[in-house]
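# Understanding the architecture of this molecule
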Amino acid sequence: MISVVVPVFNESANLSALWSRLRPVLEGLGRPWEALFVDDGSSDGSLEMLRAMAAANDGRVRVVELARNFGQHAAILAGFRQVRGDVIVTLDADLQNPPEEIPRLIAAIDAGNDVVGGWREERQDESWRKYASRMHNRLTSVIVGVPMHDYGCMLRAYRRHIVDTVVDCDEKAAFVPALANSFAKRVTEIRVAHAERAEGKSKYNLLRLATLSLNLITGFSLLPIQALSLAGIGIFILDAILVTLLVLHRLIFGPQQEGALWLLFAVLFVFVGLEFLAFGLIGEYVGRIYIEVRRRPTYLVRGVYGGAKTERAANDDGGSQRNYPNDPAGRQ
Ligand code: UDP
Ligand code: MG
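Please read all numbers here as calculations on a predicted model, not as lab measurements.

On to the environment of tyrosine 151. With respect to the helices, strands and loops of the structure, tyrosine 151 is situated in the loop between α5 (127-144) and β6 (156-159). Counting along the chain gives 24 residues from tyrosine 151 to phenylalanine 175, while the straight-line C-alpha distance between them is 9.4 Å. Aside from chain neighbours lying at most four places away, what touches tyrosine 151 is Asn137, Thr140, Ser141, Val144, Val146, Arg156, Phe175, Pro177, Ala178 and Asn181. Side chain to side chain, tyrosine 151 and asparagine 181 meet in a polar contact 3.0 Å long.

Right, let's get into a nonpolar patch on the surface. A cluster of nonpolar side chains, namely Leu230, Ile233, Ile237, Leu238, Ile241, Val243, Leu245, Val247, Leu248, Leu251, Ile252 and Phe253, defines an oily patch on the protein surface of about 1,200 Å² accessible area. With respect to the helices, strands and loops of the structure, leucine 245 is situated in helix α9 (residues 223-253).

We now examine the site of ligand 1. Around ligand 1 there are 18 residues in total, and Glu11, Asp40, Asp94, Ser202 and Lys203 lie nearest to it. Note that an oxygen atom of ligand 1 is positioned 2.8 Å from one of the backbone N or O atoms of proline 7. Between ligand 1 and the protein, one listed contact pairs an oxygen atom with a side-chain N or O atom of serine 202 at 2.5 Å. Protein contacts shield 97% of the accessible area of ligand 1, which totals 530 Å² for the unbound molecule. If you map ligand 1 onto the pockets, it falls in the largest pocket. Each residue belonging to the shell around ligand 1 can be placed in one class, and the counts come to five nonpolar, five polar and eight charged.

Thresholds, definitions, all that
- Residues numbered from 1 in each chain as written.
- Chains lettered and ligands numbered in written order.
- Predicted model: local features only at pLDDT ≥ 70, side-chain atom pairs only at ≥ 80, totals over all residues.
- Heavy atoms only, no water.
- Helix = DSSP H or I, 4+ residues; strand = E, 2+ residues; numbered from the N terminus.
- Contact = heavy atoms within 4.5 Å.
- Polar contact = N/O pair within 3.5 Å; in protein donor to acceptor, adjacent residues only side chain to side chain.
- Patch = residues over 30% accessible without salt bridge, like charges linked within 9 Å, V, L, I, M, F, W, Y side chains within 5 Å.
- Areas by Shrake-Rupley, 256 points an atom, 1.4 Å probe, with all protein chains shown as cover.
- Salt bridge = Lys/Arg side-chain N within 4 Å of Asp/Glu carboxyl O.
- Near = heavy atom within 4 Å.
- 1 Å grid on protein atoms, 1.4 Å probe; cavity = no way out; pocket = protein on both sides within 12 Å on 5 of 7 lines; lining within 4 Å.
- Sits in = over half its atoms within 2 Å of the grid points.
- Nonpolar A, V, L, I, M, F, W, Y, C, P; charged D, E, K, R; others polar.

None of this, on its own, says anything about what the molecule does.
Written out as structure tokens, the structure reads:
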């Protein structure tokens, strides 16, 4: 079964056009499907339209209403928690992602991939967005360790176990594509078309995008904290060079009047370096606590082959201490 998850925030102008293109694609798949719309606190009548769509398509269209606007990624997570399919596709509601690409994403999953990302090679957005996004993709590729051209494209497909793991992480500032990639064995990208936004304006401004990037960096690496320790070491090295130069200068030219001042500098920088190192060290411990409280699974077991499961192995869920069948959050 294929589940399509669509986050919706004030998209009333796009919803009927979206559905008239999405529905034939889903019906043409030749497999069971469901569409899950997540209303992310819309105030423009989107919710009412979605509910009418759900009523007209008994059971195959469902709507999750969030209590207020929580952001695109939170909305997708809320949808992920309700999905029933084995393959989950995410899609934007503004028709920038053509629904007609969905069969190609599914074919790539069928070919054995856990995650398939869309790559908007010809992106139809403002130029500052394209530039920012190029930097963002390079950074994300390094931090997550899975290189991709387009982490921002939300036309993506995931296997169910990836979605379950992402939901179980229950992260407060989740960046869904990056999190999903960190749990996938086989990830691929396919080129997808990209259109201009059909109606309405982008919900992202520079500030919201910067927040998203910062979340990503701090959510996936201790790099900012480790940079402090590195700065400390750098200061020590520079200071050692300074001291060597001072000693040489004194040996060659003899004592100078301003020598005392330089000595003061050299001593001062020892302490500055020490301070940076101390911050970095504290940061390292804080970072470890952060990794622990985040409770991402250390590993994921997909199967145990040969012989019966031992008691211990039966309970193994990678340390996340949650078992899907008893999920208190009401997943079906
Ligand atoms: N969206 C959402 N909540 C938000 C912002 C956006 O659910 O707080 C949805 C929006 O309705 C759309 C998708 O996320 O379906 C992508 O948003 P948008 O088109 O504004 O982003 P862009 O294409 O400019 O990156
Ligand atoms: Mg858009």
